[in-house]
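Residue-level structure breakdown
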Amino acid sequence: MARGRLTDGRHADGRPTDGRPTPDHREEVRLPLPPTLAATLGCDAVGVPARHGFRLMTRLPRSGCVFADEAWWWWIVPAGSDQDLAWPAPARYATGGCVPGAHPRLIRHPEATTPYTPPIPLYLMVCQLAGATPVWTPSGTGGRRE
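Residues numbered from 1 in each chain as written. Predicted model: local features only at pLDDT ≥ 70, side-chain atom pairs only at ≥ 80, totals over all residues. Heavy atoms only, no water.

What follows is about the environment of P100. Within the fold, P100 resides in strand β6 (residues 98-100). P100 sits in the buried class, given a relative accessible area of 1%. Spatially, the C-alpha atom of P100 lies 4.3 Å from that of E28, the residues being 72 residues apart in sequence. (Helix = DSSP H or I, 4+ residues; strand = E, 2+ residues; numbered from the N terminus. Buried < 20%, exposed > 50% of the residue type's maximum accessible area, 1.4 Å probe, protein only.)

Okay, the confidence of the model for the protein chain next. Taken over all residues, the pLDDT of the protein chain has a mean of 83, while the share at 70 or more is 77%. Taken element by element, the predicted model of the protein chain shows its lowest mean pLDDT in strand β1 (residues 28-30) (92) and its highest in strand β4 (residues 72-77) (98). Segment residues 1-13: pLDDT under 50, and 52 contacts once partners within four positions in sequence are set aside and those in other chains are kept. Note on residues 15-24: pLDDT is under 50 here. Beyond four places in sequence and across chains, it has twelve contacts. (pLDDT = per-residue confidence, 0-100. Contact = heavy atoms within 4.5 Å.)

The description of two helices packed together rests on the angle between their axes and the distance between the axes. Contact geometry of helix α1 (residues 50-59) with helix α2 (residues 119-130) gives a least axis separation of 10 Å together with a crossing angle of 135°. Judged by the inter-axis angle, α1 sits oblique to α2. Note that α1 runs across α2; the crossing there is right-handed. Where α1 approaches α2, its residues H52, R55, L56 and R59 are matched on the opposing element by L122, M125, V126 and L129. (Axes fitted to C-alpha atoms, helices over the stretch in contact; angles between N-to-C directions. Parallel < 35°, antiparallel > 145°, perpendicular 65-115°, else oblique. Left-handed = near helix turned anticlockwise from the far one by under 90°.)

Laid out in structure tokens, this is it:
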């Protein structure tokens, strides 16, 4: 999968990957992890609209780094956390931690030594938020959408 692309065939900022401009185009930025946290499993991000951010964060049993701007809140997850999972709208999955926005700022620094939010509890909470049934595809059958 190309870096900085959503799993639905769009860039993290919502632009179609075929190069067509959109009126709400915003530049992509890479979320800057604190240097004291080792991202040994790679770095992707899962975002939800800001109106859902605080509620989602307070309901998760554990959160890693969380970034926010006026439009989106982003959780850092290990690279490949979209494999075999279909993240439901309104969530966005951004590979490489490249997200749209005016430089989201770090609003939560984890107490742990890694930047990660466990992806399965986050996925289940996002599904609950979206009113979607969690869906896993068997490994190796194309759960990842290019």
